[in-house]
Amino acid sequence: MAREFATCVEYGLSLSKRIYYGKEMTPAATAAMTRSVSAKSSDVAESYFPTAVMAYAVVSEPELVENPDVPSYQPYVHGRCEPPALIPLHMHGVVTMEIDCCFDHANICFSGAWRVHCIKGNSKCDVRIAVPMGEQGSLLGVEVDVPGRSCHSQLIEAEDANYKEKVSKGGNGRLMRGSVYTFKIPQVEGGATVSIKVIWSQKLLYHEGQFSLNVPFSFPAFVNPVGKKISKREKILLNVSSGVGKEILCKSTSHALKELRREVGKMGFLYDAEVLTWSSADFSFSYNVYSKDLFGGVLLQSPLLRDIDDRQMFCFYLFPGNNQSMKAFRKEVIFIIDISRSMKGGPLESAKNGLLSSLQKLNPEDSFNIIAFNMETYLFSSVMEQATEEAILEATRWLNDKLTADGGTNILMPLKQAIKLLAETTNSIPVIFLITDGAVEDERDICNFVKGYLTSGGSISPRISTFGIGTYCNHHFLRMLAQIGRGHFDTAYDADSVDFRMQKLFTTASSIILADITVDALEHLDSLELLPFCIPDLSRGSPLIVSGRYSGNFPDPVKISGTLADMRKFTIDLKAQKTKDLPFDRVVGRRQIDLLTANAWLSGSKELEQKVAKMSIQTGFPSEYTLMVLHQTLQDEKAPETILIQDVFNKINPLKKMDLQKTIMLGNLCVGFGNLTATAENIPPGTEETKSSEATEMLLKAASNCCGRVVDRCCCMCFIQACSYMNNQCAIVLSQICAALACVECINCCIELCECG
């Protein structure tokens, strides 16, 4: 999907060369106009993949491409673009972002305006909007205003979609790479301005006491409007709250922020500037919540108005602090890596690189092993190996020389072998690190097996962290397995990000400083819901946040106990404090929905599914059991008396109240529960995207050799008629290329493409 999207943008930029802006008015040169034919397709995808909120004209008929203000002679174009070309719209006016950070969460509200500068006046096209989100981003809401109507989003329960007869089918949204959501606004007139407001949430990264925020805010040159006197202004309002009452120390920022206010644990900043060109860099900001020692707290809050659960809310947190003398546990690590045929190529090579980089982070006193699996298992060693340079070098050779991607997927067998190898672990933390791109039929059996093993007592329980590649694996199974194993879960949606994200997850999962954490006195509450239900270990790489609901008298202080790396017991008393201004639903909303969805999947509970759906609608975070729809409200163009008549009619027949509204089904914003068929057929991750048609591929391949010099269409047609070797289909394709792109050099390359001369 990402590759097709980028290809459509590339073709759209080629089509945009038809637009005449007037004397001495030329747009900035784009990569589409200068890229060599030898450029890799992956480079193309990266060049045209959205890195900020963007709007595109969806062009099926190239003849519509023209300046709506300055009509000019354009050659007529036969045929259609299939799939439609995407022409990036010019961005006008003021771009604003309001960012609220609290704990490890950020809420972003982005507003901007785009002009349909590339479609004839009195003609219409769809406008596709792309919303790239940062780390673990979730789309929360959308508002769009176009002349004559406005749109706003709403989450509904999936079961409410039985009124699909009343819902437009043309605007379905897409999730690309798990972090970019796109959707269409139908039939916007050429020259119109599209105002867009989108809200999403994302996670802040944490490393050694420092929180880092990175918001997609890098606009390509071709969204800058053509003209010398067009004002461009950027405004960013940033509010930061530590959530823990600790002093904040600003470390770095990408844009020139002005400090507005400072309190204990809170800061406010503003960036406001007139610019010559829109921002070409993402907005980044980092800050420290300083504390030398491990610290934490408990926050209590009453339920929200009309809350689906009338129990009280709580959240307790532990931060690792900056005390480097607090050592991490010695580790015994087993990597379980999927080598089924679907992993062939990029996914397996990236996973190998991530695994080898993780091995380099082990200390000499740590030990490791590797189990590769498809339908069989392949062990690097029959025993755990010390993480010496020689052993890691031998493991590198084994991975590169012995492992090839082939066969099916069987996860339970290597998992049992890993647990058996770690059965005698003492004075260290056993860690299992599972990497897969597929779904299997016995996933619930695997979870129940691991749960049964871990509750049977005995030696130190292995921690299980899981890593999914692509969307065919069941993310909720992997999250549940990690929850049972007190580990961590992450995913990569494309091969290019596997290495980096694997290393990041391994660093978090393997730098444990406090294990076997328990919370005293909570068992005396009248009722308790704890998420996650197995409290994870505290790692240097991430703060620990546990939330839930309760009834009864919450203890104060709360005693937290755990085990340190030297096997000594550690306890800390956390003071409970009531808070009103902390946005509980934003801080823990997605975390709770993800955990409850995994629980609902494992148990098969319809009641729990309904609870997740209602929680999703209440908090605004999408879920597997909710859909997002976009309501279009038309501006009433009738006379006032006609409006009154319509209101009376609506009271008589309420089913007709939707007549002035059209609803677009954007669909589910989540990844689903895996794909058993794709796994069984060994379909590689990433191939879920729709392929471009042959005609479009030919158009784009030909366009890559074009110089961009305009010629009259009749010259091209004379050449077509003179070519006796060309069949009718080839003539149509060549006509489209020459007319739409208007380039002399297209003629020769098209004859070669057609292979008929």
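Right above here is the structure, for reference.
A short tour of the structure in this document, coming up. Not measured: the values here are computed from a predicted model.

What describes a pair of aromatic rings is the distance from one ring centre to the other and the angle between the planes of the rings. In total, this model carries 24 aromatic pairs according to the counting rule given. Consider the rings of Phe-5 and Tyr-56, whose centres lie 5.3 Å apart with planes at 90 degrees: the pair is edge-to-face. With Phe-5 in helix α1 (residues 2-15) and Tyr-56 in strand β1 (residues 54-59), the pair connects residues that are 51 residues apart, well separated along the chain. Classification of Phe-5 by relative accessible area gives buried; the value is 2%. Ring centres of Phe-110 and Phe-219 lie 6.4 Å apart, and the angle between their planes is 40 degrees; this geometry places the pair in the tilted category. Remark: Phe-219 occurs in the loop between β13 (210-215) and β14 (232-241) and Phe-110 occurs in strand β4 (residues 105-115); sequence separation between them is 109 residues. In this structure Phe-110 comes out as buried when scored by relative accessible area, which is 0%. Of the aromatic side chains, those joined through ring pairs into one cluster are Phe-103, Tyr-206, Phe-211, Phe-269, Phe-285, Tyr-287, Phe-295, Tyr-317 and Phe-319. Between Lys-246 and the ring centre of Phe-295, over which it is positioned, the NZ or CZ distance is 4.9 Å. Of note, Lys-416 hangs over the ring of Phe-449, and the distance from its end group to the ring centre comes to 5.3 Å.

Attention shifts here to the environment of Asn-448. You can see Asn-448 is positioned in helix α7 (residues 443-454). Sequence separation between Asn-448 and Leu-602 is 154 residues, and the spatial gap between their C-alpha atoms is 8.9 Å.

What follows is about the environment of Thr-426. The topology assignment puts Thr-426 in the loop between α6 (412-421) and β25 (429-436). Taking relative accessible area as the criterion, Thr-426 reaches 51% and is therefore assigned exposed. Not counting the four nearest positions on each side in its chain, Thr-426 is found in contact with Arg-330 and Ile-460.

The subject of this paragraph is the nonpolar core. Grouped together as the largest cluster of nonpolar side chains are 104 residues, with contacts concentrated most on Ile-99, Phe-103, Phe-110, Phe-183 and Phe-283. Once residues within four sequence positions are removed from consideration, Phe-283 is found in contact with Met-97, Ile-99, Leu-213, Asn-214, Val-215, Phe-217, Ile-236, Leu-238, Thr-253, Ser-254, His-255 and Leu-257. Leu-355, Leu-356, Ala-395 and Met-502 belong to the second largest nonpolar core, which has 37 residues in total.

What counts and what doesn't
- Residues numbered from 1 in each chain as written.
- Predicted model: local features only at pLDDT ≥ 70, side-chain atom pairs only at ≥ 80, totals over all residues.
- Heavy atoms only, no water.
- Phe/Tyr/Trp six-rings, centres within 6.5 Å; stacked < 30°, edge-to-face > 60°.
- Helix = DSSP H or I, 4+ residues; strand = E, 2+ residues; numbered from the N terminus.
- Buried < 20%, exposed > 50% of the residue type's maximum accessible area, 1.4 Å probe, protein only.
- Lys NZ or Arg CZ within 6 Å of the ring centre and 35° of its normal.
- Contact = heavy atoms within 4.5 Å.
- Core = buried A, V, L, I, M, F, W, Y, C linked by side-chain atoms within 4.5 Å.

Just distances and angles here, no functional claims.
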